[in-house]
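# Observations on the three-dimensional arrangement
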Amino acid sequence: MSEQTQSTESLLETFRDAMRHVAATVYAVTTGDGTDRYGIIATAVSSLSFEPPSLLVCVNRRASLHEPLACASTFCVNVLGLANRDVADNFVRGGSGDERFAVGAWEEMHGVPVLATAQSSLICRTAHCHEFGTHTIFIGELIAARHRDDAMPLVYYDRHYVDIGDATVRQPG
């Protein structure tokens, strides 16, 4: 069997289709500069290390958050719960600055917007940035965190929010 190289367009379309079928938790990534607040909805967030506790956040360089985040020393990754869908929808609708924060109970901690009703809020100090392709990978070292055990995550799959609350949880063994 011979291997054929896919065209760039075909490869990109197959990659997009594959990524649409990876369920992902929805995050509101936020920062501030003392005057204005900035944020986007993201799914490209991942834990990096436990020593030190740290995260990876991948942001498209064309995103409204990119430049403010690149200039910021701190940011927050708000893990959205099912009850925060209105926040996600409002962020996606766009608008600028305070329009995005018009929905939800927002507080300020360490100079960044934190969603009081989020499943979790992870406040990070920017430790490193690395550009790759169309995105910048921001590495954040955790400086503060809050978590609620009573919330289910807001999950995005195939261009839709899905409720994983009905999923069967299997215990090991």
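Below: a short report on this structure. (Residues numbered from 1 in each chain as written. Predicted model: local features only at pLDDT ≥ 70, side-chain atom pairs only at ≥ 80, totals over all residues. Heavy atoms only, no water.)

## Here's the deal with the pairing of strand β9 (residues 120-132)
Stated precisely, the cut-off is as follows: The criterion for strand pairing is that DSSP finds at least two bridges linking the strands in question. A run of H or I in DSSP counts as a helix once it spans at least four residues, and a run of E counts as a strand once it spans at least two, with each numbered from the N terminus.
Both strand β6 (residues 74-79) and β9 contribute to a ladder of 6 bridges, which runs antiparallel. Of the residues in β9, the one forming a bridge with Asn-78 is Ser-121. With antiparallel pairing between neighbouring strands as the criterion, β9 and strand β10 (residues 135-147) make up a hairpin whose turn holds 2 residues, including Gly-133 at a positive phi of roughly 55 degrees.

## Focus on the sheet that holds strand β12 (residues 160-162)
What the 3 strands build is an open sheet, ordered β1-β11-β12; its pairing is antiparallel. Each end of this open sheet is capped by a strand with a single partner; those strands are β1 (24-25) and β12. With 2 bridges joining them, β1 and strand β11 (residues 155-157) adopt antiparallel strand pairing. Looking at β11, one finds that Thr-25 is bridged to Val-155.

## Some details on the sheet that holds β10
Stated formally: Simply put, an axis is a line fit to the C-alpha atoms, just over the touching stretch for a helix, and the angle between two N-to-C directions goes from 0 to 180 degrees. In what follows, residue pairs with any heavy atoms lying within 4.5 Å of each other are defined as contacts.
The 7 strands are arranged β3-β2-β6-β9-β10-β5-β4 in an open sheet whose pairing can be described as antiparallel. Looking at strand neighbours, the two that pair on one side only are β3 (37-42) and β4 (45-50), the edges of this open sheet. In this sheet, adjacent strand axes meet at a mean angle of 30 degrees when their direction is disregarded. Most of the contacts of helix α3 (residues 85-93) go to β3, to which it runs at about 105 degrees, and overall it touches β2 (27-32) and β3.

## Observations regarding the nonpolar core
Quick note on the threshold: Nonpolar core, defined: a set of buried Ala, Val, Leu, Ile, Met, Phe, Trp, Tyr and Cys residues in which side-chain atoms within 4.5 Å join the residues together. Only protein chains enter the accessibility calculation, which uses a 1.4 Å probe; a residue whose area is less than 20% of its type maximum is buried, one above 50% is exposed, and one in between is partly exposed.
In this structure, Val-29, Val-45, Val-57, Phe-75 and Val-77 are the most contacted members of the largest nonpolar core, which totals 16 residues. When residues of this core are traced back to their parent elements, those giving at least two are β2, β3, β5 (53-60), β6 and β9. Contacts of Phe-75, omitting those with residues within four sequence positions, involve Val-29, Thr-30, Thr-31, Val-57, Leu-69, Val-112, Leu-122, Ile-123, Cys-124, Thr-126 and Gly-140. Counting residues in each nonpolar core, the second largest holds 12 residues, with Ala-28, Ala-88, Leu-154 and Tyr-161 among its members.

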